[in-house]
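Here are the chains, one letter per residue:
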Amino acid sequence: MSKPVVLIAEELSPATVAALGPDFEIRNCDGANREELLAAIVDVDAILVRSATQVDAEALAAAKNLKVVARAGVGLDNVDVKAATQAGVMVVNAPTSNIVSAAELAVALLLASARHIAPANAALKQGQWKRSKYTGVELTEKVVGVVGLGRIGVLVAQRLSAFGVQLIAYDPYVQPARAAQLGIRMVPLDELLAESDFITIHLPKTPETVGLIGEEALTKVKPSVRIINAARGGIVDETALANAIREGRVAGAGIDVFAKEPCTDSPLFELEQVVVTPHLGASTDEAQEKAGIAVAKSVRLALAGELVPDAVNVQGGVLAPIVKPYLPLAEKLGRIAASLTDTPVTRVDVEVYGAVTAEDVRVLELSALKGAFQSLIEDPVSYVNAPLLAKERGVETGLSTSPDSTDHRSMIRVVVSTTTGSRVSVAGTVAGSKDIEKLVEVDGVELEITLADHLAIFRYHDRPGVVGVVGQLLGEAHLNIDSMQVGRDSDGQHALIALTVDQSIPAATAEKIASEIGAHLGRKVDLD
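From a predicted model like this one, the values you see are computed outputs, not experimental measurements.

Summing up its helical and strand segments, the chain has 16 helices and 22 strands in all. The C-alpha atoms of the chain give a radius of gyration of 30 Å, which is well past the 24 Å a tight globule of 528 residues would have. For the chain, the C-alpha atoms occupy an extent of roughly 105 × 50 × 40 Å along the three principal directions. Within the chain, the proportion of its 528 residues that are buried is 50%. Taking the contacts inside the chain whose residues are at least 6 apart along the sequence as the reference set, 64% of them involve residues at least 24 apart.

This is the structure:
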């Protein structure tokens, strides 16, 4: 069997290839060369890029086998996430790879601006000794306004606190109590603009944040303020900032990012009060290695069909340790429930009980949906396209949780509803230190059987001798029963057999068993 093909479209650290391991065919191309990219992407399973490669709708359409786009960095401006999602292609990035490097650069730009490092350096190298011209300001006791108190904003604030500054911040999504623990006072944006001696930007680029620090905002600041942007280009209006500096309404700036990149011509470049860098936030050896290793691991997970915590177009996110073993269980329960139906599915409900509900379990709904569609359609099903398949087919989903679980520490039940109004439900749990997956209920009938790759479920009117018939017919088919469990309805009139075998049961054998025992439900289910 041929190996999956991974295309590396830009220069990445050697550690990236090492992290991919020997299980893939590695190819390389110049992703910035459009013609070369479109030719190279046709038959690959994954592509790894940085910022120069445009993975847009055209590239996605050309990539017939593509399953994952991996951006070795944080930003995704060069990846059409919407088009990728519609194509069933997972998009992953490395959201924490450069946070330390970005925070350190923001501090460096702030210090460089405060002490005129760049123009003093340039002047001295030209033979000019200008000590008095480049007199700067101290940070001690100054007010630093942090716009955006996410991971990078917090790192910047922590580092600047060592300089003895007063920290204030604006972020509508951060609770004041949390900020207070960090020694930061939350304020409205207008108050931050008015009070700050330094303003450092750490927001994502969204329609709401583009131009946030523009002409109007710059009328509210101190003339001594210095503005730092090492987040995303466009949040600070470059023309408005340049005008404010020329007019003496802003003292200086440190800018690493620009509205259009690469940027080699900006009004800010004309000003000695501005220190600029060519988007170096993630440009450290450590950040590049972290990013490459992170996305390489994500590619391995994605091509193995597993959930990827850093996938940006898949609901779920980082899994709590207690949730992880329930993820494959939910998928298997979805497959089993959908396999037990004869009519089109209209809804998939996931019920989660017990200790696991103390964590975010939304991903279990997605996993069960993925499993259900693997039983319903022939096309490949992934965590990315399962919600799209459901939407296209009018299949609704639901998730409910309860901290109470009578017989198990935690349990998942998947309920599938059909067009005829019928419902099928299966429940399972994981047990022991090895997280052994167990089927514990089918249509309200309690049982306990360890899940295996091959199983069968038969429901019938209870009568003696059925177990013997099932065993005989499986024996005639040369199939060994690994385990078997028999359960009864509460009224005692109907019984259910669940069994696992060492290989797939032939369809003819399953049908013969169902016929011989008069089963009104008889299915073989293969989970491998």
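A side chain of one charge can pair with a side chain of the opposite charge when the charged atoms of the two come close. This model, assessed by the stated rule, comprises 28 salt bridges. The shortest N-O distance in the salt bridge between Arg347 and Asp349 comes to 2.8 Å. Two residues, Glu396 and Arg347, come together in a salt bridge whose shortest N-O distance is 3.1 Å. Remark: Arg347 occurs in strand 13 (residues 345-354) and Glu396 occurs in strand 14 (residues 396-402); sequence separation between them is 49 residues. Under the relative-accessibility criterion, Arg347 is labelled partly exposed at 27%. One network of salt bridges, in which partners are shared, links Glu25, Arg27 and Asp43.

With that out of the way, let us pick up the packing of aromatic side chains. Applying the stated rule across the entire model yields one aromatic pair. Ring plane angle 80 degrees and centroid distance 5.7 Å describe the contact between Phe258 and Phe269, whose orientation is recorded as edge-to-face. Here Phe258, found in the loop between strand 11 (252-255) and strand 12 (274-276), pairs with Phe269, found in the loop between strand 11 and strand 12; they are eleven residues apart in sequence, far enough to count as distant. Given a relative accessible area of 33%, Phe269 falls into the partly exposed group.

Strand order in the open sheet formed by seven strands is 8-7-6-9-10-11-12, and the pairing between neighbours is parallel. Where the open sheet ends on each side, the last strands, each with one partner, are strand 8 (185-186) and strand 12. When strand 6 (residues 143-147) meets strand 7 (residues 166-170), the two strands line up parallel, connected through five bridges. Residue pairing across strands places Gly145 opposite Ile168, the latter belonging to strand 7. Helix 10 (residues 238-246) rests against strand 10 (226-229), strand 11 and strand 12 of the sheet, and its axis sits at about 150 degrees to strand 11.

Let us now look at the nonpolar core. Counting residues in hydrophobic clusters, the biggest one holds 74 residues, and the most contacted among them are Leu364 and Leu439. The dominant element in this core, judged by the number of residues it contributes, is helix 12 (residues 326-339), at eight residues. Residue contacts for Leu364: discarding those within four places in its chain leaves Val323, Tyr326, Leu327, Ala330, Val350, Val352 and Ile412. Listed in part, the 31 residues of the second largest apolar core include Ile168, Ala244, Ile255 and Leu268.

What follows covers the packing of helix 5 (residues 99-114) against helix 7 (residues 151-161). The interhelical angle for the contact between helix 5 and helix 7, taken along N-to-C directions, is 50 degrees, at an axis separation of 9 Å. Of the possible angle classes, the one that applies to helix 5 and helix 7 is oblique. Every pair of crossing elements has a handedness; the one defined by helix 5 and helix 7 is right-handed. Along the contact surface, helix 5 presents Ile99, Val100, Ala102, Ala103, Glu104, Ala106, Val107 and Leu110, while helix 7 presents Arg151, Ile152, Leu155, Val156, Arg159 and Leu160.

Another aspect to go through is helix 7. Within the sequence span of helix 7, burial applies to Gly153, Val154, Leu155, Val156, Ala157 and Leu160. For helix 7, the secondary structure elements touched by its buried residues are helix 5, strand 6, strand 7 and strand 9 (198-201).

With that out of the way, let us pick up the environment of Lys297. Following the sequence through the fold, Lys297 ends up in helix 11 (residues 285-303). Each C-alpha atom of the pair Lys297 and Thr16 lies 8.8 Å from the other, and the pair is 281 residues apart in sequence.

Another aspect to go through is unusual backbone geometry. Outside of glycine, negative phi angles account for most residues, and trans bonds account for most peptide bonds. In the segment running from Glu261 into Pro262, the intervening peptide bond is cis, with an omega of 0 degrees. Along the chain, Pro262 turns up in the loop between strand 11 and strand 12. Not every positive phi belongs to a glycine, and His116 is a case in point at roughly 55 degrees. In this fold, His116 is placed in the loop between helix 5 and helix 6 (117-125). Even without being a glycine, Asp435 presents a positive backbone phi close to 50 degrees. Relative to the assigned elements, Asp435 resides in the loop between strand 16 (423-431) and strand 17 (436-442). Here Asp435 falls in the partly exposed class, since its relative accessible area comes to 37%.

Each regular strand carries side chains that alternate between the two faces of the sheet. Of the two faces of strand 4 (residues 68-71), the one holding Val68 and Ala70 and the one holding Val69 and Arg71 are both buried throughout. The pairing of strand 3 (residues 46-49) with strand 4 spans four bridges and is classified as parallel. Across the sheet, the residue bridging to Val49 is Arg71, located in strand 4. Once the chain exits strand 3 it traverses helix 3 (residues 57-62) before rejoining the sheet at strand 4, and the crossover so formed is right-handed. Direction of pairing for strand 4 relative to strand 5 (residues 90-92): parallel, over a ladder of three bridges. Within strand 5, the position partnered with Ala70 by the bridge is Val92.

Reading the values: the criteria
Residues numbered from 1 in each chain as written. Predicted model: local features only at pLDDT ≥ 70, side-chain atom pairs only at ≥ 80, totals over all residues. Heavy atoms only, no water. Helix = DSSP H or I, 4+ residues; strand = E, 2+ residues; numbered from the N terminus. Rg over C-alpha atoms; globule rule 2.2 N^0.38 Å. Buried < 20%, exposed > 50% of the residue type's maximum accessible area, 1.4 Å probe, protein only. Contact = heavy atoms within 4.5 Å. Salt bridge = Lys/Arg side-chain N within 4 Å of Asp/Glu carboxyl O. Phe/Tyr/Trp six-rings, centres within 6.5 Å; stacked < 30°, edge-to-face > 60°. Pairing = 2+ DSSP bridges. Axes fitted to C-alpha atoms, helices over the stretch in contact; angles between N-to-C directions. Core = buried A, V, L, I, M, F, W, Y, C linked by side-chain atoms within 4.5 Å. Parallel < 35°, antiparallel > 145°, perpendicular 65-115°, else oblique. Left-handed = near helix turned anticlockwise from the far one by under 90°. Right-handed = clockwise from strand over helix to strand, strands pointing away.

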